[in-house]
Amino acid sequence: MRMKSQRGLSLLGVLVVGAFAAFVLTIGFRTVPVINEYLAIKRIVNVLADEGDKGVPALELRRSFDRRGQIDDVSSVSGVDLLIDKSGPRTRVEVDYSRTVPLVANLSLLIDLHASSEAR
């Protein structure tokens, strides 16, 4: 009688793979709101740059960002943080900011973000 070798994971292997999968899912679930906020900021910055091309002053662009940010629930950036450059042929609006995402206990994830209207 021929014996075949068994294949599969041991109990320890299942626990290690499960712990790794849980950690990856925790990071994923915690970073989704940060990514949604970044995409909202990117969209608002592009709209503001188009408004700036039409002659809207920088102060009004900052106010418009604050109003649009309230609608899209943007809390990391305000209109004061925007860098608005009208020196070239097109208005450029950009912002750099960081978000700290708490993961587990005293372990956090720091994400540096840059939203710009340059590639529109």
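Residues numbered from 1 in each chain as written. Predicted model: local features only at pLDDT ≥ 70, side-chain atom pairs only at ≥ 80, totals over all residues. Heavy atoms only, no water.

Draft legend 1. Spatial organisation of the pairing of strand 2 (residues 92–104). Strand direction decides the pairing type here: strand 1 (residues 83–85) and strand 2, joined by three bridges, are antiparallel. The residue of strand 2 that forms the bridge with leucine 83 is glutamate 94. Here strand 1 folds back onto strand 2 in antiparallel fashion, the turn holding six residues. Pairing of strand 2 with strand 3 (residues 107–116) involves ten bridges; the strand directions are antiparallel. Among the inter-strand pairings, proline 102 is bridged to a residue of strand 3, identified as serine 108. Joining the antiparallel neighbours strand 2 and strand 3 is a turn of two residues, in which alanine 105 adopts a positive phi near 50 degrees. (Pairing = 2+ DSSP bridges. Helix = DSSP H or I, 4+ residues; strand = E, 2+ residues; numbered from the N terminus.)

Draft legend 2. Structural view of the packing of helix 1 (residues 11–53) against helix 2 (residues 58–71). The geometry of helix 1 relative to helix 2 is characterised by a closest axis approach of 10 Å and an angle of 150 degrees between their N-to-C directions. Crossing handedness for the pair helix 1 and helix 2: right-handed. Across the interface between the two elements, Ile41, Ile44, Val47, Leu48, Glu51 and Gly52 from helix 1 touch Leu61, Ser64, Phe65, Arg68 and Gly69 from helix 2. Partitioning the contact of helix 1 with helix 2 into residue classes produces six nonpolar, three polar and two charged. (Axes fitted to C-alpha atoms, helices over the stretch in contact; angles between N-to-C directions. Left-handed = near helix turned anticlockwise from the far one by under 90°. Contact = heavy atoms within 4.5 Å. Nonpolar A, V, L, I, M, F, W, Y, C, P; charged D, E, K, R; others polar.)

Draft legend 3. Focus on the pattern of salt bridges. Applying the stated rule across the entire model yields nine salt bridges. Measuring nitrogen to oxygen at the nearest pair gives 3.4 Å for the salt bridge that ties glutamate 94 to arginine 92. In this structure glutamate 94 comes out as buried when scored by relative accessible area, which is 15%. Its relative accessible area of 27% is what places arginine 92 among the partly exposed residues. When salt bridges that share partners are traced, they join Asp85, Arg92, Glu94 and Glu118 into one network. (Salt bridge = Lys/Arg side-chain N within 4 Å of Asp/Glu carboxyl O. Buried < 20%, exposed > 50% of the residue type's maximum accessible area, 1.4 Å probe, protein only.)

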